[in-house]
Amino acid sequence: MADKSGSVLILGGGIAGIQSAMDLAELGYYVYLVEKKASIGGVMAKLDKTFPTNDCAI
Amino acid sequence: MAETCRQVLKDCGVSPERLSLKWASASEGPRYVQMVTEYVRHIKTLGSLGSAEGEAGQDALTRLDAAGAASAVSKIRTAYGNMAKKFHEANNPDAYTPEAMETAVREKVMPGFREERLGQEVLMRLGAEGIAGSLLCGLLGAKEDEFEKVMTGLVKKGKVKAEGEIFKPA
Amino acid sequence: MSQTNEMSNDIKGFDPKILGFFCHWCCYAAADSAGVARYQYPPNIRTIRVMCTGRLDFRFVLEAFRCGVDGVFTGG
Amino acid sequence: MEAGRSPNIEILTNATLHSVEGKPGAFNALVHQEPRYIDEDKCTACGMCKMYCPRPVADFYNESLAVIHAPRIDYPQAIPSAYYIDPKACLRVNYETCNLCAQTCTAGAIDFSQKPKDVELNVGAVILAPGFGKIDNQVLSRFGYGRFPDVVTSYEIERLTCASGPSEGHVIRLSDGRAPKKIAFLQCVGSRDETCGNGYCSSVCCMYAFKEAAIIKEHEPEVDITFFFMDVRTQGKGFDEARKRAESKYSFRVVRARVPRVEQVDGKLGLVWVDEEGTSRNELFDMVVLSVGLEAPEDAHIISAAAGCELNHYEFAKTSVQNPLTTTRPGIFTAGAFQGPKDVPESVTQASGVAALASELLADARGTRTVTLTYPEEDRTLLEEEPRIGVFVCHCGVNIAGVVDVKAVRDYAATLPNVVLYDDVLYSCSQDALKGIAQKIKNNRLNRVVIAACSPRTHEPLFQDTLKSVGVNPALFEMANVRDQCAWVHAHEPEAATQKSKDLVRMAVAKARLLTPLESQTVGVNPRALVIGGGGAGMTAALSVAEQGYECLIVEKNDVLGGNLARLKWTADGQDAPRILKEMIDRVRKHPKIKVLLGAKLESVSGYVGNFVSTVKVKEKVQTIEHGVILVATGAKEYRPKSYLYGENDRVMTQLELEERLAKGKTSLKNISNVVMIQCVGSRGDDMQHCSRLCCTQAVRNALKVKELKPDANVFVLYRDMRTYGFHEDLYSAARRKGINFIRYDLENRPEVLKNKASGLTVRFFDKLLGDTLDLDADLAVLSVGVEPTDNTGLSKLLKAPLTQDGFFLEAHAKLRPVEVAVDGIYLCGLAHGPKSLDETVAQAKAAAAKAVIPLAKGRVSVTPLVSHVDQGVCIGCGLCESLCPYKAIELVKVDKRKKAQTITASCKGCGICASHCPTLAISMGGFTDEAIFAQIHAFAQQEQEVR
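These numbers were taken from a predicted model, which means no experiment stands behind them.

*Asks:* Just checking my understanding: could you explain the overall build of chain A for this structure?
*Replies:* Scanning chain A from terminus to terminus reveals one helix and two strands. In chain A, the order of α-helices and β-strands from amino to carboxyl end is β-α-β. For chain A, long-range pairs separated by at least 24 residues make up 24% of all intrachain contacts whose partners lie at least 6 apart in sequence. Looking at chain A as shown, the accessible area adds up to about 1700 Å², and 57% of this sits on carbon and sulfur atoms.

Put into structure tokens, the structure is as follows:
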């Protein structure tokens, strides 16, 4: 393969997008996190408490 | 830890309700606010330290002083640590009932703690010219047999010498 | 437990000094979220942040009372 | 939160993907970005613009239950922490009028000249994680949503129960604001419903309904709640047990029926349904909650067109069981709800799994584009001098200054001993203020800094970074929380708040005086992974670690690789399982970086993350191995029933045995006409408490296979809850269409398998509909046996990794760290973590590999300096600390023949339990020493009178 680009584009800033962005940053890649709304967090940010530990979703 | 503190505070003539241990998870802001507000109101009814009903006023501060010194003595701390170790190694969350903790502290930690506290307080109260045994025992608010045991211990350790009825720093 | 009378004989003008030991992850965070939501509560409490309630040694509580504090509020 | 601060993550908001060209490893993607009209760097989210904007707007974040303004932020902790202006609502954007907010903004952050722009990015891989969409209101209108105000969706309940939500956490009827007495939860709204095209099951609504109901009961204890379920699908790890606890504690009523519609009956809501005995019932409720399912995202077609990958028939991403995270286009991966409806733990697992795939693809480009910040050398001489403390008191715009007299606090700070600089700052966290503070630290040679502003929880790392940038050790820093825990909460008592701020500053300075520099320890990492278990999970994880460029060693106790995967004949979507297994074994055998030890058993493990030393026994020969991380993939085993005549009659068999038999084709069903299957044998209350999650799907697939081989065979399935979650629901509906009979039984009257006279079998069970017990003679009785954990106690002790009551390994955090164990450096995947299907196992194995490679890729592990430190001169080796430490991060070692305690810095979490229980006070905690805490107590008690 020609020289590969050491960066990744992630579409969607919900819990899945954020988690893979953080993991990839830790694994040594530059991440572009593309989110269609004005802030990241997706639906999880709207939840009050998360199951099963009931700590705050934010 | 909280139970030990409560029993030591009671022993020093301070109302244990002045110490509160509450749990609030990160998102339970309103619950925290309600707990703090109610706690402040309760302390207001108790009044300033030592002035609440059943508290020992000025004496409480001296006793707390002695208890503070006692709480650094490794014999006391080992008893406390071993008690915690037993609970921890039982590895059974239901064992942490208030009654179980209360009895464990009262039996395993308090006897040694009280004796050490009384000893420390004697050393703090003894002026150069010494104090009569009966007066000292009253000041300490200790029972006869307890007082005897503490004094003989201090004399044996050479910290106090007894001249007839009067005890003096060695 | 000494039976303190419950009726609020609020001693006039008495403003208690209360010291708080808060665990960084739980109670300190709850206090922050109360702040974000702008809940109001009496200002008598000053907090010392510790990483965990397990850090608290009974020496700290006794020392606080020895210095004349009126109440200790530990939050885990 | 961390995503916001990492230098290697660039967040593009208001942005959508336009197109992706190129090939894996070298794509260039076109991204279209709408303007935000506010400069993210300048904005400090102070909220002034919000107050002056005349334009009220429905707050879609709070499900339009609240009203806010055009300039806004979704929620206070949103990332990026900057406001944005809603283009649809803003007068300035649409009619060129107003501009009030731009004038009031003190930071000058509002800029209406911003234009939409297209950005071209060249990237190695693309990950699609757009989540899921909402069920459209037309489907909900059948239940009166939109017509009757008291019919709400589960999203709205989430906002109502939220303390910072529109109703401050009180659950109220939207019609009259009163608290409801009776609430009904309707399940499967918009899922398992072919009329709206969502034939699949959304897998999460059952569990979140119970969670929401439990939270409502906490707020309003006397309300009573009824659920209307078809099947109770709480099949996640620990879900069933939590559901049973909630059901008994809050006495929920569970009705097995599907309510077709909701009527309004004088202020209340009337529900009609047919119960299991066939009688029709109706009842009135104050409030109805619709547990809405998960729809494919509205823009699924646009995304699939832009990325060039296909969708499945429900418009979710098309993937396969064998590689569940790769789309139909190589180099484009997917994770989360877009891959299929799932809950947070599975989404997080898939997110890490996708990171592994991208890391495998771009292994040789690792680290080429990342930027690592460099810091100047620390200035040693500063520390010799006596403390020179700088105090900065923040206004935070009006947030603090509006209540606290900042100038007075600043001047008071000047009176405190060792304070050589005191200053107040408008916004201490803004970029320019930080530069100013850094400059002042340098010019005045400060060696301690105290900042009185907001909470250290959110801003301490930011300020510590500033100290590092001017060569001051970050541990020499203390914050006084005069905003969140003072100004904001004593807004009506300015003098008391000012006095409190002075006290907090005095306490912070007292602690700052005693702060000592702490080196953040870094520990080297041995770049090799040890994988325990060579089944499907172990092999997948090992392959992923190797593909990412790191050596790994598989330790398998049997003499052959494959584990449970070897017994499978075909996967859920019909692919040939043995072929997949053979392929996987070949790849493992041929991979240069993977070594395999068969018939090997792990004897001992010592050391910590990055530096483990383990001994493995292979046929009486013991080898020692050094490695950096451990992956646990020990799997589990098929439950062996002791009842239902299993073992006494060869016609009674388990699903796996049936599968092996059916694989021989038609001949295996020669004289079989009646097949009866019994679900939940062993699981859910029998020998084991947990639900084994995969047996329902396995049973339905086998039943379909029987019908395929012998269409006229009668197949009966006796079940408690058919839990064919997610897209497996298609199999369940197909089975019903093929005439397979599904009959429900409950725990009280379990079916029995009996021998009948003619050496055949009869299955006796109670049928609720007929209200009578029935006997079915069966040529084959097939038991859907659950998944039983292997005896993990030995391994658990070895690794110090805890187990759940069910005997599976306990993960560090169910949601945020599902593939890690509490002990650092040990990762978990496959059936050892809990029963799961093959595609979930593959996703979790990839996730575990991704997490395991992080320390290997970094080469070193850095530890926050807040760890315990033992003064071995004072320590008497009593071992109390070792026994009490929850993280096993302190141990007794021999120091010239005497036992002394010693900290394992890499594992220590800094909780301080050892320090507070040490009899001889030999242990001090970095950043929170006894002396520092005593100093704070004394400073607190000092009050005003002690002025220098």
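*Asks:* Just to check I follow, could you spell out the overall build of chain B for this structure?
*Replies:* On a plain count of helices and strands, chain B comes out with seven helices and four strands. Taken from the N to the C terminus, the helices and strands of chain B come in the order α-β-α-α-α-α-β-α-α-β-β. With respect to the three principal axes, the spread of C-alpha positions in chain B is 65 × 40 × 20 Å. Counting across all 170 residues of chain B, residues that qualify as buried make up 46%. Counting only contacts in chain B whose residues sit at least 6 apart along the sequence, the fraction spanning at least 24 positions is 62%. Accessible surface for chain B amounts to roughly 7900 Å². Of this, 57% is attributable to carbon and sulfur atoms. Counting 24 positive and 24 negative side-chain charges, chain B places the centres of these two groups 4 Å from one another.

*Asks:* Please explain the interface of chain D and chain C as it appears in this structure.
*Replies:* The figure often quoted for interface size is the accessible area lost as the parts come together. Tallying the contact residues gives 45 residues for chain D and 38 residues for chain C. Summed over both sides, the interface of chain D with chain C buries roughly 3700 Å², with 62% coming from carbon and sulfur. It is Arg457(D), Gln485(D) and Phe940(D) that lose the most area in chain D upon contact with chain C, and together they represent 18% of the buried surface on that side. Counting across the chain D and chain C interface gives five salt bridges. Run the count over chain D and chain C and you get 20 residue pairs in polar contact (both at pLDDT 80 or more). Elements that contribute at least two residues to the side of chain D that touches chain C include exactly helix 14 (456-469), helix 15 (483-487), helix 16 (494-513), helix 25 (913-917) and helix 26 (930-942) of chain D. Per-element accounting of the side of chain D that touches chain C gives the leading share, eight residues, to helix 26 of chain D.

*Asks:* How should I be thinking about the pattern of salt bridges in this particular structure?
*Replies:* Where charged atoms from two side chains of opposite charge approach closely, those side chains can pair. Counted according to the given criterion, the structure contains 74 salt bridges over all chains. Residue Asp32(C) pairs with Arg457(D) through a salt bridge whose shortest N-O separation is 2.8 Å. Of the two residues, Asp32(C) is situated in helix 1 (residues 27-36) and Arg457(D) in helix 14; the pairing between them involves two chains. Here Asp32(C) falls in the buried class, since its relative accessible area comes to 4%. Owing to a relative accessible area of 33%, Arg457(D) belongs among the partly exposed residues under this scheme.

*Asks:* Can you help me understand the interface of chain D and chain A in this one?
*Replies:* Taken together, the contact pairs 85 residues of chain D with 51 residues of chain A. Here chain D and chain A share an interface that buries about 5900 Å² over both sides, 64% of which is from carbon and sulfur atoms. Seen at the junction of chain D and chain A, the total is three salt bridges. Across the pair Lys851(D) and Asp23(A) runs a salt bridge, and its minimum N-O distance is 2.8 Å. Run the count over chain D and chain A and you get 24 residue pairs in polar contact (both at pLDDT 80 or more). Broken down by element, the side of chain D that touches chain A gets its largest block of residues, nine residues, from helix 10 (residues 344-361) of chain D. Relative to strand 1 (residues 9-12) of chain D, strand 2 (residues 30-34) of chain A runs parallel, the two sharing four bridges. Along strand 1 of chain D, the bridge assignment pairs Val34(A) with Leu12(D).

*Asks:* What's the story with the confidence of the model for chain A in this structure? I'm lost.
*Replies:* The predicted structure's coordinates, where accompanied by low pLDDT, should not be read in detail. A residue-level look at chain A finds 71% of positions with pLDDT of 70 or above and a mean pLDDT of 74. Of all the helices and strands in chain A, helix 1 (residues 15-26) of chain A carries the lowest mean pLDDT, 87, while strand 1 (residues 7-11) of chain A carries the highest, 89.

*Asks:* Any chance you could explain the packing of aromatic side chains here in plain terms?
*Replies:* For any two aromatic rings, the description comes down to two numbers: the centre-to-centre distance and the angle of the planes. On inspection of all chains with the given rule, the structure shows 28 aromatic pairs over all chains. A ring pair is formed by Phe60(C) and Phe934(D), whose centres lie 5.4 Å apart and whose planes are at 75 degrees; its orientation type is edge-to-face. Of this pair, Phe60(C) sits in helix 2 (residues 58-66) while Phe934(D) sits in helix 26, each in a different chain. Here Phe60(C) matches Phe934(D) in class, with each residue buried. Three or more aromatic residues joined by ring pairs make a cluster, and in this case those are Phe185(D), Phe210(D), Phe227(D), Phe229(D), Tyr250(D) and Phe252(D). The cationic tip of Arg49(C) hangs over the ring face of Tyr28(C); the distance from NZ or CZ to the ring centre is 6.0 Å. Sitting over the ring of Phe928(D), Lys511(D) keeps its end group 3.9 Å from the ring centre.

*Asks:* Help me understand a positive patch on the surface, please; the structure alone is not making it clear to me.
*Replies:* Residues and elements named next belong to chain B. A cluster of basic side chains, namely Lys75, Lys156, Lys157 and Lys159, defines a positive patch on the protein surface. Checked against the element boundaries, lysine 156 lands in helix 7 (residues 144-156). Owing to a relative accessible area of 73%, lysine 156 belongs among the exposed residues under this scheme.

*Asks:* I'm lost on the nonpolar core in this one. Help?
*Replies:* For soluble globular proteins, the rule of thumb is that nonpolar side chains tend to be buried together. The biggest cluster of nonpolar side chains holds 90 residues, and the ones touching the most others in it are Phe113(B), Leu19(C), Phe21(C), Val391(D), Val505(D) and Ile937(D). At eight residues, the largest contribution of residues to this core is made by helix 16 of chain D. Not counting chain neighbours up to four residues away, the residues in contact with Leu19(C) comprise Arg46(C), Ile48(C), Ala64(C), Val69(C), Gly71(C), Val72(C), Phe73(C), Met507(D), Ile937(D) and Phe940(D). Within the second largest apolar cluster, 88 residues are counted, among which are Val545(D), Leu565(D), Val861(D) and Val863(D).

*Asks:* Which parts of the structure should I look at to understand the pairing of strand 17 (residues 287-292) of chain D?
*Replies:* Regular strands show a simple pattern: their side chains alternate between the two faces of the sheet. All names here are of chain D. Counting buried residues in strand 17 gives six out of six residues, a clear majority hidden from the surface. Burial along strand 17 is two-sided: the residues Met287, Val289 and Ser291 and Val288, Leu290 and Val292 are all buried. Here three bridges tie strand 10 (residues 151-153) to strand 17, and the two strands are oriented parallel to one another. Its bridge partner being in strand 17, valine 152 is matched across the sheet by valine 289. Looking at chain direction, strand 11 (residues 182-189) and strand 17 are connected through five bridges and run parallel. Following the sheet pairing, alanine 184 is matched in strand 17 by valine 288.

*Asks:* What exactly am I supposed to notice about a nonpolar patch on the surface here?
*Replies:* All names here are of chain D. Taken together, the side chains of Met51, Tyr52 and Leu100 define a hydrophobic patch exposed on the protein surface, amounting to about 310 Å² of accessible area. Within the secondary structure layout, methionine 51 lies in helix 2 (residues 48-52). For methionine 51, a relative accessible area of 57% gives the class exposed.

*Asks:* So what exactly am I meant to see when it comes to the sheet that holds strand 33 (residues 674-681) of chain D here?
*Replies:* Think of a sheet as strands paired side by side through backbone hydrogen bonds, with each pair either parallel or antiparallel. Residue and element names in this part refer to chain D. Pairing within the open sheet is parallel, and its five strands lie in the order 32-39-33-34-35. The two strands at the open ends of the sheet, each matched to only one other strand, are strand 32 (652-654) and strand 35 (741-744). Strand-to-strand twist across the sheet, computed as the mean angle between neighbouring axes with direction ignored, equals 25 degrees. Here strand 32 runs beside strand 39 (residues 780-785); their pairing, made up of three bridges, is parallel. Opposite methionine 653, over in strand 39, you have valine 782 as the bridge partner. Helix-sheet contacts for helix 20 (residues 695-709) involve strand 33, strand 34 (714-719), strand 35 and strand 39, and the interaxial angle to strand 33 is about 175 degrees.

What counts as what
Just so you know, the residues in each chain are numbered from 1, in the order the chain's sequence is written. Key to labels: chains lettered from A, ligands numbered from 1, both in the order written. At least 70 in pLDDT is required for a residue's local features to be given in this predicted model, at least 80 for side-chain atom pairs to be given and counted, and no such filter applies to totals for whole chains, interfaces and linings, which use all residues. Hydrogens are left out, water is left out, and the side-chain values use all remaining heavy atoms of the structure. To qualify as a helix, a DSSP run of H or I must reach at least 4 residues; to qualify as a strand, a run of E must reach at least 2; elements of each kind are numbered from the N terminus. Whether two residues are in contact is decided by their heavy atoms: any pair within 4.5 Å suffices. Here, Shrake-Rupley sampling with a 1.4 Å probe gives the accessible areas, and only protein chains in the shown set may cover a residue. Relative accessibility decides the category of a residue: with a 1.4 Å probe and only protein chains considered, values under 20% of the type maximum give buried, values over 50% give exposed, and everything between is partly exposed. Under the counting rule used here, the positive set is Lys and Arg, the negative set is Asp and Glu, and His together with the chain ends is not counted. Charged side chains are reduced to one point each, which is NZ for Lys, CZ for Arg, CG for Asp and CD for Glu. Computed with a 1.4 Å rolling probe, the buried area is the accessible surface lost when two parts are put together, summed over both parts. Any Lys or Arg side-chain nitrogen found within 4 Å of a carboxyl oxygen on Asp or Glu counts as a salt bridge. Pairing of N or O atoms within 3.5 Å defines a polar contact, subject to two protein rules: one partner must be a possible hydrogen donor and the other a possible acceptor, and residues neighboring in sequence count only if both atoms are side-chain atoms. The pairing criterion for strands is at least two bridges between them, as found by DSSP. Per residue, pLDDT captures the predictor's confidence, and it can take any value from 0 to 100. A pair of aromatic rings is counted whenever rings of Phe, Tyr or Trp (Trp by its six-membered ring) have centres within 6.5 Å, and the orientation is called stacked for planes under 30 degrees apart, edge-to-face for over 60 and tilted otherwise. Throughout this description, the term charge over a ring refers to an Arg CZ or Lys NZ atom that lies within 6 Å of the ring centre and within 35 degrees of the ring normal. Nonpolar side chains (Val, Leu, Ile, Met, Phe, Trp, Tyr) are joined into patches within 5 Å and like charges within 9 Å, using only residues with over 30% relative accessible area and no salt bridge. To form a nonpolar core, buried Ala, Val, Leu, Ile, Met, Phe, Trp, Tyr and Cys residues must be joined to one another through side-chain atoms within 4.5 Å. All axes are obtained by fitting lines to C-alpha atoms, using only the stretch in contact for helices, and the reported angles, taken between N-to-C directions, cover 0 to 180 degrees.

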